[in-house]
Amino acid sequence: MTAFEAIGVVGGGAWGTALANAAARAGRSVTLWARDASEVATMRDRRENVRRLPGVRLEDAVSPTADLADLRRVDTALLVVPAQALRGVALALAPVLPTGCPAVVCAKGIERATGSFMTDVTSEAMPHATPAVLSGPSFAEDVSRGLPTAVVLAAAQESLAEALAQALSSSRFRVYHGVDMRGVEIGGAAKNVLAIAAGIVAGRRLGESARAALTARGFAELTRFARAFGGRPETLMGLSGLGDLILTCGSAKSRNFAFGVDLGEGLPVGEAGHGKLAEGAFTARALVEMARSAGVDLPICEAVDAVLSGRVGIDDVVERLMTRPLKSEG
């Protein structure tokens, strides 16, 4: 198994920049690709991603580029682009990467147009690559600055997952490994929708008791959905499920939570988030439709989708959730 000395990071946003720094601190040579050539030039000159992650210095081992061809020499690629943009970027990258090169999905979402999970999108767009997925409770700013963080990386082969985890881990960035790709990516995708719901609760000032209840019942929904689509319950009890849910349902640093706060305070959907990407807003409809097709009950996620689509107001949604038929907890 290769040592994965050369890492390609595809995506020059805050999370891509943070992962590039993390890989560099693990002793790897890192090529960081971003689409905008002017932003790349600035990163080279100032050793800082001024627009996406200001105030954080790029590690010396990180080489920014706007040319996908520079990724031909990497041992593995971390795909760190928004979920809805993943297919297009993967199609462009497919002819560049060596056959068998691991393509580690770091986006958290479900493709809205097809209802496809991110590893399935990667497999379809890059059939000669080997899919893997990385997720867990992690804010870009924390990781980029070297604050202690733990995530999980899954691949179909345990040996590959372990080798990739070894390549990316350092004293400040701990990577656990496993084989449940589906469970890991479902945890990362579904928690974004639930974080919007938690933000709505906070923005509406419904109280900490309500937010705790929503987080707990949201975790039950996440687990039901994962079980229906092949994820392992024990995976959802870990970093990519429970861990990520706790982080994003309780911090204003979460874009999805902040988006929900804006909604709860009365901002329209088009203005919530103040232009920052909230993946959960795109994932909600796909998640709900997939759940309905599998006969899985997701009342909180359905409520978020109803609010985002304008079908129901927030106060009415709260009333409906609180007056659902009583049942045993489970």
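- Labelled according to an unreviewed UniProt entry, the chain appears under the name Glycerol-3-phosphate dehydrogenase [NAD(P)+], originating from Alsobacter metallidurans.
- The UniProt entry for the chain carries the following text under Pathway (unreviewed entry): "Membrane lipid metabolism; glycerophospholipid metabolism."

## A short note on the UniProt feature "domain: Glycerol-3-phosphate dehydrogenase NAD-dependent C-terminal" (unreviewed entry) in the chain
- The UniProt record annotates "domain: Glycerol-3-phosphate dehydrogenase NAD-dependent C-terminal" (unreviewed entry) at residues 180-318.
- Within residues 180-318, the helical portion is 71% and the strand portion 0%, while the C-alpha atoms at the span's ends are 34 Å from each other.

## With respect to the nonpolar core
- Core analysis: the largest hydrophobic core is formed by 46 residues, its most contacted members being Phe225, Phe259, Leu263 and Leu287.
- For this core, the secondary structure elements donating two or more residues are helix H7 (181-203), helix H8 (208-228), helix H11 (255-264), helix H12 (279-293), helix H13 (299-309) and helix H14 (314-322).
- When residues of this core are assigned to their parent elements, the largest contribution, 11 residues, is made by H7.
- Setting aside its immediate chain neighbours within four residues, Phe259 contacts Ile196, Val269, Ala272, Gly273, Ala278, Ala281 and Leu308.
- Ranked by size, the runner-up nonpolar core spans 40 residues in total, among them Val9, Ala14, Val80 and Val175.

## Considerations on the pattern of salt bridges
- On inspection of all chains with the given rule, the structure shows 19 salt bridges.
- In this structure, Lys108 and Asp244 form a salt bridge, with 2.8 Å as the shortest nitrogen-oxygen distance. One end of the pair, Lys108, is in the loop between strand E5 (102-105) and strand E6 (110-111); the other, Asp244, is in helix H10 (residues 239-248), with 136 residues separating them in the sequence. Like Asp244, Lys108 is buried.
- The salt bridge involving Asp244 is made with Lys191; its shortest N-O contact spans 3.9 Å. Of this pair, Asp244 sits in helix H10 while Lys191 sits in helix H7, and the two are 53 residues apart along the sequence. Pair check on accessibility: Asp244 and Lys191 agree, each one buried.

What counts, and at which threshold
The residue numbers shown here count from 1 along each chain, following its written sequence. Two thresholds apply to this predicted model, a pLDDT of at least 70 for residue-level local features and 80 or more for giving and counting side-chain atom pairs, whereas whole-chain, interface and lining totals are computed over all residues. Heavy atoms throughout the structure, all of them, feed into the side-chain values; hydrogens and water do not. UniProt positions are given in the numbering used here, feature names are shortened, and annotations may be inferred rather than shown by experiment. Going along the chain from the N terminus, every DSSP run of H or I of four or more residues is numbered as a helix, and every run of E of two or more is numbered as a strand. In this text, buried Ala, Val, Leu, Ile, Met, Phe, Trp, Tyr and Cys residues form a nonpolar core when linked through side-chain atoms within 4.5 Å. Here the term buried applies to any residue with accessible area under 20% of the maximum for its type, exposed to any over 50%, and partly exposed to those in between, with areas from a 1.4 Å probe on protein chains only. In this description, contact between two residues means that some pair of their heavy atoms is separated by no more than 4.5 Å. Any carboxyl oxygen of Asp or Glu within 4 Å of a side-chain nitrogen of Lys or Arg constitutes a salt bridge here.

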